Amino acid sequence: MIDAHLLTSGIIFGLSLGSIFFLMTVGLSLCFGLMRIISLDQLLYYSLGAYVTYSISHATSYVWLGVLAGAVVGGLAAFAVERLLYRRIYERDITFSMITSFGMLIAGIGAIKYIWGLTPRPVSVPITAEVDILGTLVPIYRLVIIGAAFVVYAGIWLFLNRTMVGKAIRAGIENVEHVEGLGINVYRLFAVTFIIAGTLSALAGGLYAPLIMVDPQMGLDVLAFAFMVVIIGGLGSIKGTFVSAFLVGQVVSLGSLAYAPLAQMAPFAIMLVVLLVKPTGLYGSPLLKR
Amino acid sequence: MIQTSALSIRKLDKSYQGLRATRGVDLEVAPGERRLIIGPNGAGKTTLFNLIAGEIRPDTGSVALFGREITRLPSHRRVHLGLSRTYQIITLFPRDTLLRNVMLSLLGLSPLRWNPLLRLDRQRPLVERAERALARVGLAHMKHRPLVETSYGERRRVEIAMALAQNPRLLLLDEPFAGLSVDERREVKALLFAIPRDVTIVMIEHDMDVALDFAERISVMHFGAVAVDGTRAEVVADPRTREIYLGA
Amino acid sequence: MNAFRWWRGLVSAFGLLYLLRLLLPLPFANEVIIFSIYTIGCNFLLGHVGLISFGQPAYLAVGAYATASYLYYFGTNPYVGILMGVAGGLAASLFVGPFFVRLRGDYFALVNLALAVIVFYLTQNVLVAITHGDNGLLIVDRLSRTPVLDLSRPNQFFIFALLIAFAVWAFYKYLDDSIYGACCLAAKINENKLRFLGYDDRGIRLLAFVIANTTTALAGAMYAVYLGFVSPEITSPARAADPLVVTILGGVGTLYGPIVGAVVYTGMMDLASKFMSNWELIIGIVLVFVMLAGEKGIWGTLEPRLKRALLSPAAGSRPIKGASR
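Cut-offs applied
Residues numbered from 1 in each chain as written. Chains lettered and ligands numbered in written order. Predicted model: local features only at pLDDT ≥ 70, side-chain atom pairs only at ≥ 80, totals over all residues. Heavy atoms only, no water. Phe/Tyr/Trp six-rings, centres within 6.5 Å; stacked < 30°, edge-to-face > 60°. Helix = DSSP H or I, 4+ residues; strand = E, 2+ residues; numbered from the N terminus. Buried < 20%, exposed > 50% of the residue type's maximum accessible area, 1.4 Å probe, protein only. Contact = heavy atoms within 4.5 Å. Buried area = accessible area lost by both parts, 1.4 Å probe. Salt bridge = Lys/Arg side-chain N within 4 Å of Asp/Glu carboxyl O. Polar contact = N/O pair within 3.5 Å; in protein donor to acceptor, adjacent residues only side chain to side chain. Nonpolar A, V, L, I, M, F, W, Y, C, P; charged D, E, K, R; others polar. Core = buried A, V, L, I, M, F, W, Y, C linked by side-chain atoms within 4.5 Å. Domains from an automatic or database assignment. Expected span 1.5 Å × (residues − 1). Arc of directions from axis to C-beta. Patch = residues over 30% accessible without salt bridge, like charges linked within 9 Å, V, L, I, M, F, W, Y side chains within 5 Å. Areas by Shrake-Rupley, 256 points an atom, 1.4 Å probe, with all protein chains shown as cover. Axes fitted to C-alpha atoms, helices over the stretch in contact; angles between N-to-C directions. Parallel < 35°, antiparallel > 145°, perpendicular 65-115°, else oblique. Left-handed = near helix turned anticlockwise from the far one by under 90°. Pairing = 2+ DSSP bridges.

1. A closer look at the packing of aromatic side chains
Residues and elements named next belong to chain C.
(1) Moving on: According to the stated counting rule, one finds 30 aromatic pairs over all chains in the structure shown.
(2) Moving on: Judged by centre distance (6.0 Å) and plane angle (65°), the ring pair of Phe-14 and Trp-169 falls under edge-to-face. Of this pair, Phe-14 sits in helix α1 (residues 2-23) while Trp-169 sits in helix α7 (residues 154-177), and the two are 155 residues apart along the sequence.
(3) Moving on: We classify Phe-14 as buried; its relative accessible area is 6%.
(4) Moving on: Ring centres of Tyr-256 and Trp-299 lie 6.0 Å apart, and the angle between their planes is 90°; on these two criteria the pair is classed as edge-to-face. Here the residue Tyr-256 occupies a position in the loop between α11 (242-250) and α12 (257-275), and Trp-299 occupies one in helix α14 (residues 297-324), the gap between them amounting to 43 residues.

2. Examining the interface of chain A and chain C
(1) Moving on: At the interface, 49 residues of chain A touch 41 residues of chain C.
(2) Moving on: Between chain A and chain C, roughly 3900 Å² of surface is buried when both sides are summed, and carbon and sulfur atoms account for 79% of that area.
(3) Moving on: Summed over the shared surface of chain A and chain C, the result is zero salt bridges.
(4) Moving on: Taken together, chain A and chain C are joined by three residue pairs in polar contact (both at pLDDT 80 or more).

3. Some thoughts on the interface of chain C and chain B
(1) Moving on: The partner chain B presents 31 residues to the 24 residues of chain C that form the contact.
(2) Moving on: Overall, the association of chain C and chain B removes approximately 2600 Å² of surface from exposure, summing both partners, and the carbon and sulfur fraction of that is 66%.
(3) Moving on: Of all residues in chain C, the largest losses of buried area upon contact with chain B belong to Ile-179, Lys-193 and Phe-196 of chain C, amounting jointly to 29% of the total for that side.
(4) Moving on: Counting across the interface, chain C meets chain B through two salt bridges.
(5) Moving on: Linking Lys-193 of chain C and Glu-159 of chain B is a salt bridge whose minimum nitrogen-to-oxygen distance equals 3.8 Å.
(6) Moving on: Elements represented by at least two residues in the side of chain C that touches chain B include exactly α7, α8 (179-189), α9 (191-195) and α10 (201-227) of chain C.
(7) Moving on: It is α8 of chain C that contributes the most residues to the side of chain C that touches chain B, six residues altogether.
(8) Moving on: Of the residues contributing to the side of chain C that touches chain B, the split by class is 15 nonpolar, five polar and four charged.

4. Some points on the nonpolar core
(1) Moving on: Ranked by size, the top nonpolar core spans 231 residues in total, and within it Phe-102 of chain A together with Trp-169 of chain C carry the most contacts.
(2) Moving on: Looking at this core element by element, the count peaks at 15 residues for helix α2 (residues 26-49) of chain C.
(3) Moving on: Split by domain, the residues of this core number at least three in each of domain 1 (25-235) and domain 2 (241-306) of chain C.
(4) Moving on: Not counting residues up to four positions away in its chain, the partners in contact with Trp-169 of chain C are Leu-10, Phe-14, Ser-36, Ile-37, Ile-40, Leu-255, Tyr-256, Pro-258 and Ile-259 of chain C.

5. Examining helix α6 (residues 182-193) of chain B
Residues and elements named next belong to chain B.
(1) Moving on: Taking 1.5 Å of rise per residue, the 12 residues of α6 would be expected to cover 16 Å, and the 17 Å separating its terminal C-alpha atoms lies within 8% of that figure.
(2) Moving on: The set of residues buried in α6 consists of Glu-184, Val-188, Lys-189, Leu-191 and Leu-192. Seen along its axis, α6 keeps its buried residues to an arc of 155°; they face one direction. Seen from the open side of α6, the exposed residues pointing more than 90 degrees away from its buried face are Val-182 and Arg-186.

6. Examining the arrangement of the chains
(1) Moving on: The protein chains that touch form two pairs of chains, and the pair with the most contacts between them is chains A and C.
(2) Moving on: Contact between chain A and chain B is absent, and the least distance between their C-alpha atoms amounts to 10 Å.

7. Observations regarding a nonpolar patch on the surface
Residues and elements named next belong to chain C.
(1) Moving on: A contiguous nonpolar patch, built from Leu-16, Tyr-18, Leu-19, Leu-22, Leu-23, Ile-159 and Leu-163 and spanning about 750 Å² of accessible area, is present on the exposed surface.
(2) Moving on: Every element with two or more residues in the nonpolar patch is listed here: α1 and α7.
(3) Moving on: For the nonpolar patch, the element with the most residues is α1, which contributes five residues.
(4) Moving on: For Leu-163, a relative accessible area of 53% translates into the label exposed.

8. Some details on the packing of helix α4 (residues 94-116) of chain A against helix α13 (residues 279-293) of chain C
(1) Moving on: Contact pair α4 of chain A / α13 of chain C: the axes reach a minimum separation of 7 Å and the direction vectors enclose 155°. Accordingly, the angle class assigned to the pair α4 of chain A and α13 of chain C is roughly antiparallel. Judged by the twist between their axes, the crossing of α4 of chain A over α13 of chain C is left-handed.
(2) Moving on: Tallied by class, residues from the contact of α4 of chain A with α13 of chain C come to 14 nonpolar, five polar and two charged.

9. Remarks on the pairing of strand β4 (residues 60-65) of chain B
All names here are of chain B.
(1) Moving on: With five bridges joining them, strand β1 (residues 7-16) and β4 adopt antiparallel strand pairing. Each residue of the ladder has a partner; that of Ile-9, found in β4, is Val-63.
(2) Moving on: Of the pairings in the sheet, the one linking β4 to strand β5 (residues 68-69) comprises two bridges and is antiparallel in character. Opposite Leu-65, over in β5, you have Arg-68 as the bridge partner.
(3) Moving on: Taken together, β4 and the strand that follows it, β5, pair antiparallel across an intervening segment of two residues, in which Phe-66 is found at a positive phi of about 50°.

10. As for the sheet that holds β5 of chain B
Residues and elements named next belong to chain B.
(1) Moving on: Strand order across the open sheet formed by four strands is β2-β1-β4-β5, with antiparallel pairing between neighbours. In the strand order of this sheet, the two ends are held by β2 (19-29) and β5, each with one partner.
(2) Moving on: Contacts from helix α1 (residues 45-53) reach β1, β2 and β4, with the element oriented near 115° to β1.

11. A short note on the sheet that holds strand β3 (residues 34-38) of chain B
All names here are of chain B.
(1) Moving on: On the basis of which strands lie adjacent, the open sheet formed by six strands has the order β6-β7-β8-β3-β9-β10 and mixed pairing. The open sheet terminates on both sides in strands that have one partner only, identified here as β6 (83-86) and β10 (225-231). Taken pair by pair, the neighbouring strands of this sheet meet at an average axis angle of 15°, ignoring direction.
(2) Moving on: As judged from the six bridges shared by strand β9 (residues 217-222) and β10, these two strands associate in the antiparallel manner. Across the sheet, residue Ser-219 finds its bridge partner in β10, namely Asp-229.

12. What about the domain arrangement of chain C?
Residue and element names in this part refer to chain C.
(1) Moving on: For chain C, the domain assignment lists domain 1 (25-235) and domain 2 (241-306).
(2) Moving on: A straight line from the C-alpha centre of domain 1 to that of domain 2 covers 20 Å.
(3) Moving on: Listed by partner, the interface residues are 21 residues for domain 1 and 21 residues for domain 2.
(4) Moving on: At the surface where domain 1 touches domain 2, the tally comes to zero salt bridges.

13. Some remarks on the side chain of Ser-231 of chain C
(1) Moving on: In this fold, Ser-231 of chain C is placed in the loop between β2 (229-230) and α11.
(2) Moving on: On the basis of relative accessible area, Ser-231 of chain C is assigned to the buried category, the value being 12%.

14. Observations regarding the pattern of salt bridges
Residue and element names in this part refer to chain B.
(1) Moving on: For the coordinates displayed, the defined rule picks out 26 salt bridges over all chains.
(2) Moving on: Here Asp-96 makes a salt bridge to Arg-100, at a shortest N to O gap of 3.6 Å.
(3) Moving on: In this structure, Arg-186 and Asp-183 form a salt bridge, with 2.9 Å as the shortest nitrogen-oxygen distance. Residue Arg-186 and its partner Asp-183 are both found in helix α6; the two are separated by three residues, about one turn of the helix.
(4) Moving on: Through salt bridges with shared partners, a single network forms among Glu-33, Arg-35, Arg-217 and Asp-229.

Here it is in structure tokens:
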């Protein structure tokens, strides 16, 4: 039998991992839902968020300030990229956004290597205290991450359902022409969505930084997980992304209690099974045609 | 002995997110019959066609083609059983010539389509059959013209040629007169009248008067169900028909 | 006459490629040939079937590792090794293909890219007992000398690669003109209509998928024998877009696009790496610019002009011939 302590900490670990996955991929999913682009550069903002967190926390010794700054920088970078690049490719085939954003991701990794060097950088954990859950000591910081993911999910839900801009975005996800017909500037909507996406991706990187070593390849390391999360959940569905992020997090975490190397592969098997049953993912709409 | 129906539909239900597009549709079409399905916009006509063609799956109910149950069959297999359809909005292969469009249609039923070693332009018998199909709709003279350079009425005829080239037993026509001029309508109608009786035809029309003389039996759909069903004279005389068209 | 015209383009293209070898260093020529074989599968899928294949490195790695494993653990004959690589690619694409071809285009692309990353991870961390992780498999001194063409010598390997490439191009040219090729193209343009003409569109895509990825595995097998070494680097996620970029750079769906694209891309990377060590920055920027530059690609732009330039005298004389007949 698996040790109960191991199981508890495994589940908490999985939840925090799932939270990071959710924050990291919700932008990708939002962008696909509204703009019908596949924005692989979200993983660049993720790395960028982590690096800014590292730099600021070393300069000021406030990790939280670093996380905040990282999120802001991520949002700004996303805004710049949207203005300079995506404007030119919205109209084109999905191939273009995919390859172009992949190019940006790769170039960004090159730029990060240029600025911060090749060596992995550590970030100190802002909260080192632990709390007792069912007799197992659990780091509070992981609980904070889980809390952040739930707050963001609730925030996105409120934003999409309660604010004017959010409602416009939701209507745009259903049908962009419809929104254009209402006289709303769709491109402004796109920009807002993109900034939100970039900010959240960078937030994921910043929050995750204290738990890992920040290194230039970190964006590529999570690439496969990011895909598997959005594919299992269904492209464009926030709820689907939320559910599948935690699913993948738990599978990786609990799977590694059994056999670590294969645990990283397990989500892939799940993805194949999900796609076999439902080719558009758990919550993906089959009516979305492209 | 009772003859099997060309098309037999029982209690067909399909909902989209709580919205019931068809509700308990029953339909029997005899072999060789010319059936017209009419109804106002949103009555579920196109959904019904998509269910027959296999583009979507029903929630409940069954579809049988010449006595054979096809409810769960993928659409391409239904074509091999003798089902052909045309679309309200014509979608063909725009950059290819008319000849090639028809050839693609012929290849759809031929095992040759899997052949990576035979060259398409060397298939004489196939080319000849395609030419005959085009001649049948009066377009043989422009067989080498790319589809984009033809008029909408000509495209409609190409589409019909493609459907007929497959020698279907049941032909589904989705608003074949939509978007055509008066002259073009006459041409297409003459074409449809010339189709032999071994082909059963089911046609959707939004506007009742357009194809009235063509239909032998008419089914009027309303709110996803068949409201009136009978011979042309019966349906025209039925007060409910007027009600649906005037009251809607 | 007709048959001659059909072969003429192919023969002259590969004649040119042979001449290229006199101008450029041998390793460059070898790499270009393997790279273009690597790309043609992707070019076929994107240009003729309408599938964005973002996972080519996965199949490249399967081919390379199948070949290398055979040569490392079992035999020494490089020809058998390459056959093993091709068989490996065939098996892998037959295994994942039925899952993948059901997917919509965007999912197809993402799932393939995920597969490439997974294969990278597999070779690096999971199947370490076989692949030796980052140390890779060194097979260079395991290759036995073979009569006729000795693949352990770069100059003889070049002839071999050229012959293989010629066969591959002849095959794809034939495929383009074949009945099945026409069906593929039709599936790209109007998949929905095709289904209602009685075609099994998934079947069409599956066959194309298997053909293309087996070709990619062949390139991987050739890499393994040529380099005498295989490591997870071959399926590095950072280079996952390479075949797509070369395809687009050369001209999507054109027959010689992959060759032209491979020459330019390999040349660019070689030059860039002489000046900068930071190759990610270069690849990334090149990628973005290639995407923004245009859709036709180099060969797609050049081909019609070349044809006009070469054929204009002939075109001028044609009406006279027609009149005399």
